[in-house]
Amino acid sequence: MNLNQITISSLDTRTSVRFYKKLGLRLIVDALPRYARLECPKGEATFSIHHTDDLIINKGVTLYFEVENLSKTVSELQEKGIIFNSEILEQSWLWQEAHLNDPDGNPIIIYHAGKNRKNPPWRIN
């Protein structure tokens, strides 16, 4: 099994697409204003945005995007006008994270974990 995509709902898909393109995702399906699909610059995962008139933000879901150089990425995104809710945080689970929200309020974490993403010292086999 492989995770294919994540789909979020948006009140304004055009604004959301512009936001996620600023984060570095590439638009691959343009059926705006109803639907858009983007792909991550690395890997096979895709990300879609579906229009809704009745947005409910699920506070139990957070979108994570991993980058190689978190400091550089955060600086570049801030230069593009992206506002972060936190500075870079050093987490006890050995990840570095910076928190933000998309235009609809969905929580996002841009992070770097390296080998600790799937193989932390406490991993069980």
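Quick summary incoming for the structure in this document. (Residues numbered from 1 in each chain as written. Predicted model: local features only at pLDDT ≥ 70, side-chain atom pairs only at ≥ 80, totals over all residues. Heavy atoms only, no water.)

## Description of the sheet that holds strand S8 (residues 107-112)
Reading across from one edge, S5-S8-S7-S6 is the order of the four strands in this open sheet, with mixed pairing throughout. Of all the strands in the sheet, the pair left with one neighbour each is strand S5 (63-66) and strand S6 (89-90). Of the strand pairs in this sheet, S6 and strand S7 (residues 96-101) are connected by two bridges, and their pairing is antiparallel. Within the sheet, the bridge partner assigned to Glu90 lies in S7 and is Gln96. (Pairing = 2+ DSSP bridges. Helix = DSSP H or I, 4+ residues; strand = E, 2+ residues; numbered from the N terminus.)

## Re the environment of Glu66
Summarising the element assignment, Glu66 is placed in strand S5. When its relative accessible area of 33% is taken as the criterion, Glu66 is described as partly exposed. Sequence spacing of Glu66 and Pro103 is 37 residues, and the spatial spacing of their C-alpha atoms is 20 Å. With near-sequence residues (within four places) excluded, Glu66 lies in contact with Tyr111, His112, Ala113, Gly114 and Arg117. A polar contact of 3.5 Å, which involves the side chain of Glu66, links it to the side chain of Tyr111. A polar contact is formed between the side chain of Glu66 and the backbone nitrogen of Gly114, at a distance of 3.0 Å. (Buried < 20%, exposed > 50% of the residue type's maximum accessible area, 1.4 Å probe, protein only. Contact = heavy atoms within 4.5 Å. Polar contact = N/O pair within 3.5 Å; in protein donor to acceptor, adjacent residues only side chain to side chain.)

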